[in-house]
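Close look at the chain arrangement
What follows is the residue order along each chain.
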Amino acid sequence: EAGVAQSPRYKIIEKRQSVAFWCNPISGHATLYWYQQILGQGPKLLIQFQNNGVVDDSQLPKDRFSAERLKGVDSTLKIQPAKLEDSAVYLCASSLAGTGGAYTQYFGPGTRLTVL
Amino acid sequence: QKEVEQNSGPLSVPEGAIASLNCTYSDRVSQSFFWYRQYSGKSPELIMSIYSNGDKEDGRFTAQLNKASQYVSLLIRDSQPSDSATYLCAVMGGNNRLAFGKGNQVVVIP
């Protein structure tokens with residue numbers, strides 16, 4: 001079974017530029033998550049989709065971050081404009097189940113973003 | 001108060017010894033608890049999940065949960081150099097969001 005795919009793996013941009021990340025979840029997984037992991041910290045949830053609807057975006061900095069999951073499969077996360085503090089690894093994860101209950105989140109390899 | 005706290009610094013253990021990791025959480029209604037392993041430069045990988053008070057064993061790993069004390073732990077028996085990684089405690093709170101601790105680095109010394 002193919003895992004969660006993400007691209008690009010690495011990205012270096014200057015502050016105030018824009019960047020977009022792509023994620024393809026495991027086939028059949030209804031729920032998709034974007035996390036931000038800053039060096040030395042645990043992942044922090046940015047946004048959670050159930051199919052193509054947003055379940056939780058309470059921790060997404062909406063003035064600069066946006067995400068979409070058209071057709072309930074692939075997803076993109078965009079940052080516009082980027083700030084130095086956005087330097088982090090952006091992890092995409094997916095799971096079979098929706099909210100509540102016991103489920104397992106499977107993580108993709110991540111995109112390491114460096115903002116100069 | 002942080003949602004999930006892992007306060008211990010890097011843990012060095014000799015090969016073959018037991019590594020013990022601890023985690024506390026703040027949301028009393030939390031029902032699902034997980035331990036993830038993350039190798040340097042890699043993404044988190046689930047190694048244990050636990051939902052009921054008590055112990056759960058899987059191979060060399062044992063997770064322990066005490067909901068009254070809001071405490072979760074992970075024991076790694078017969079530690080191997082391949083166990084050297086950062087271990088992340090994650091808790092599913094009442095808001096249905098998975099909250100992670102900052103992780104504990106484990107170094108197994110051959």
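Residues numbered from 1 in each chain as written. Chains lettered and ligands numbered in written order. Predicted model: local features only at pLDDT ≥ 70, side-chain atom pairs only at ≥ 80, totals over all residues. Heavy atoms only, no water.

**Quick look at the pattern of salt bridges**
All names here are of chain B. Overall, the coordinates contain 6 salt bridges over all chains when judged by the stated rule. Linking Arg 77 and Glu 57 is a salt bridge whose minimum nitrogen-to-oxygen distance equals 3.4 Å. A residue pair is termed long-range when its members are at least 10 positions apart, and Arg 77 in the loop between strand E8 (71–76) and strand E9 (85–92) and Glu 57 in strand E6 (residues 54–58) qualify at 20 residues. Residue class for Arg 77 comes out partly exposed when judged on its relative accessible area of 26%. (Salt bridge = Lys/Arg side-chain N within 4 Å of Asp/Glu carboxyl O. Helix = DSSP H or I, 4+ residues; strand = E, 2+ residues; numbered from the N terminus. Buried < 20%, exposed > 50% of the residue type's maximum accessible area, 1.4 Å probe, protein only.)

**Concerning the side chain of Ser 94 of chain A**
All names here are of chain A. With respect to the helices and strands, the residue Ser 94 is situated in strand E9 (residues 88–95). Reaching out from Ser 94, the side chain makes a polar contact with the backbone nitrogen of Ile 26 at a distance of 3.4 Å. In terms of polar contacts, Ser 94 uses its side chain to reach the side chain of His 29, at 2.8 Å. Other than its neighbours up to four places away in sequence, Ser 94 contacts Val 4, Pro 25, Ile 26, His 29, Thr 31, Leu 32, Tyr 33, Thr 104, Gln 105 and Tyr 106. (Polar contact = N/O pair within 3.5 Å; in protein donor to acceptor, adjacent residues only side chain to side chain. Contact = heavy atoms within 4.5 Å.)

**What about unusual backbone geometry?**
Residue and element names in this part refer to chain A. A cis amide bond links Ser 7 to the next residue, Pro 8, at an omega of -10°. On the secondary structure map, Pro 8 appears in the loop between strand E1 (5–7) and strand E2 (10–13). A cis amide bond links Gln 80 with the next residue in sequence, Pro 81, at an omega value of -5°. As for its position among the elements, Pro 81 is in the loop between strand E8 (75–79) and E9.

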